[in-house]
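# Examination of the molecular architecture
Chain residues, written in single-letter form:
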Amino acid sequence: MQGLYDLKILAVDDEAALCGLIREILAQAGFRQVRTAGSCAEAQAAFAAFRPDAVLLDVMLPDGDGFALIQALRCERDIPVLFLSARDADADRLRGLGLGADDYIVKPFLPQELVLRLTAVLRRSYAAQLQSADSSLRLGDTVVDWGSGTVTRGGAAVQLTAKEYALLRKLADNRGNIVTIDALCRAAWDEENFGFENTLMVHIRRLREKLEDNPSHPRWLLTVRGLGYKLAKEEAQ
């Protein structure tokens, strides 16, 4: 079942540097499938081939505008569209929303603002699908139930602590990718790693005791020396 960070995002903007920045921002947030286009023609081709689940769309494009493009795309499939525009006039904002855009983000924007507003739209648009996908995490014979915060392995269930839950959720949201020590500390303590690194190691060790058959030689919760930790994917084993 597809999760939030498996959803496909198409970013359409004629500024190549901004497209690259958006791709980097979304990749760092955990999105695994992001493509970009620099014109209406490229966007329509990518829309057909890539079949995105959401589109980030600039208003001003070299061969047309986003207002016309959203209408053309919506004739093919009704998916979430967020406008990205340097034009913050009320008339433009209202026109975009009136055409069915799910949000209208004015440039320049903060990276975190883009991620938060995109994820809010995705969760709202794909609520049932994401709820089903996010209800549990399977690590071989070990099953984590997010709803109850329990780990079941070998027929026995144990409870995750609040910090363990926050850390594991961060790792699961970025499964297969390295999550830095700083990012994990922010997830659990809303702080950078200063003063928390040793405590983080303790929580990781306790998580391994709940998740792994052999915590001293983990299969799933892996250390990436000098960088952080990674939750391995099933197919990588």
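Higher on the page you've got the structure.
These notes cover the structure that comes with them. Nothing here was measured: the structure is a model prediction, and the numbers come from that model.

## Quick look at the pattern of salt bridges
Within this structure, the stated rule accounts for 10 salt bridges. Lys107 is the salt-bridge partner of Asp58, the closest N and O atoms lying 3.4 Å from each other. Of this pair, Asp58 sits in strand S3 (residues 54–58) while Lys107 sits in the loop between strand S7 (103–106) and helix H5 (111–125); the two residues are 49 residues apart in sequence, bridging distant segments of the chain. The same class applies to Asp58 and to Lys107, which are both buried. What emerges from the salt-bridge pattern is a single network uniting Asp13, Asp58 and Lys107.

## Structural notes on the packing of helix H1 (residues 16–29) against H5
Viewed as axis vectors pointing N to C, H1 and H5 meet at an angle of 65 degrees, and their least axial separation amounts to 10 Å. By the angle between their directions, the pair H1 and H5 is classed as roughly perpendicular. For the crossing formed where H1 meets H5, the hand is right-handed. Residue-level contacts link Ile22, Ile25, Leu26 and Ala29 of H1 to Pro111, Leu114, Val115 and Leu118 of H5.

## Quick word on the sheet that holds strand S13 (residues 221–224)
Here 3 strands make up an open sheet; going across it, the order is S12-S14-S13 and the pairing antiparallel. The open sheet terminates on both sides in strands that have one partner only, identified here as strand S12 (179–180) and S13. Inspection of the sheet shows S12 paired to strand S14 (residues 228–231) by 2 bridges, in the antiparallel sense. Residue pairing in the sheet places Val179 in a bridge with Tyr229 of S14. Of the strands in this sheet, S12, S13 and S14 are in contact with helix H7 (residues 162–173), which crosses S14 at around 70 degrees. Sheet strands in contact with helix H9 (residues 197–211) are S13 and S14, and its direction is about 145 degrees off that of S13.

## Notes on the packing of aromatic side chains
One pass over the structure, following the stated rule, counts 4 aromatic pairs. The interplanar angle of 70 degrees and the centroid separation of 5.4 Å between the aromatic rings of Phe67 and Phe83 together place this pair among those described as edge-to-face. Taken together, the residues Phe67 in helix H3 (residues 66–76) and Phe83 in strand S6 (residues 81–85) connect sequence positions 16 residues apart. The burial state of Phe67 is the same as that of Phe83; both residues are buried. Between Phe83 and Tyr104 the ring centres are 5.9 Å apart and the planes differ by 50 degrees, which places this aromatic pair in the tilted class. Here Phe83 is found in strand S6, whereas its partner Tyr104 is found in strand S7, with 21 residues between them in sequence. By the burial criterion, Phe83 is buried, and Tyr104 matches it. Through a chain of ring-to-ring contacts, the aromatic side chains of Phe67, Phe83 and Tyr104 assemble into a single cluster. The ring of Phe47 is capped by Arg77, whose NZ or CZ atom sits 4.8 Å from the centre of that ring. In this structure, Arg169 is placed above the aromatic ring of Trp146, and the distance from its NZ or CZ to the ring centre is 4.4 Å.

## Let's talk about the pairing of S7
Side chains Asp103 and Ile105 project from S7 onto one buried face, and the interleaved Tyr104 and Val106 project onto a second face that is buried too. In this sheet, S7 lies alongside S6 in parallel orientation, the contact comprising 4 bridges. Residue pairing in the sheet places Leu82 in a bridge with Asp103 of S7.

Rules used in this analysis
Residues numbered from 1 in each chain as written. Predicted model: local features only at pLDDT ≥ 70, side-chain atom pairs only at ≥ 80, totals over all residues. Heavy atoms only, no water. Salt bridge = Lys/Arg side-chain N within 4 Å of Asp/Glu carboxyl O. Helix = DSSP H or I, 4+ residues; strand = E, 2+ residues; numbered from the N terminus. Buried < 20%, exposed > 50% of the residue type's maximum accessible area, 1.4 Å probe, protein only. Axes fitted to C-alpha atoms, helices over the stretch in contact; angles between N-to-C directions. Parallel < 35°, antiparallel > 145°, perpendicular 65-115°, else oblique. Left-handed = near helix turned anticlockwise from the far one by under 90°. Contact = heavy atoms within 4.5 Å. Pairing = 2+ DSSP bridges. Phe/Tyr/Trp six-rings, centres within 6.5 Å; stacked < 30°, edge-to-face > 60°. Lys NZ or Arg CZ within 6 Å of the ring centre and 35° of its normal.

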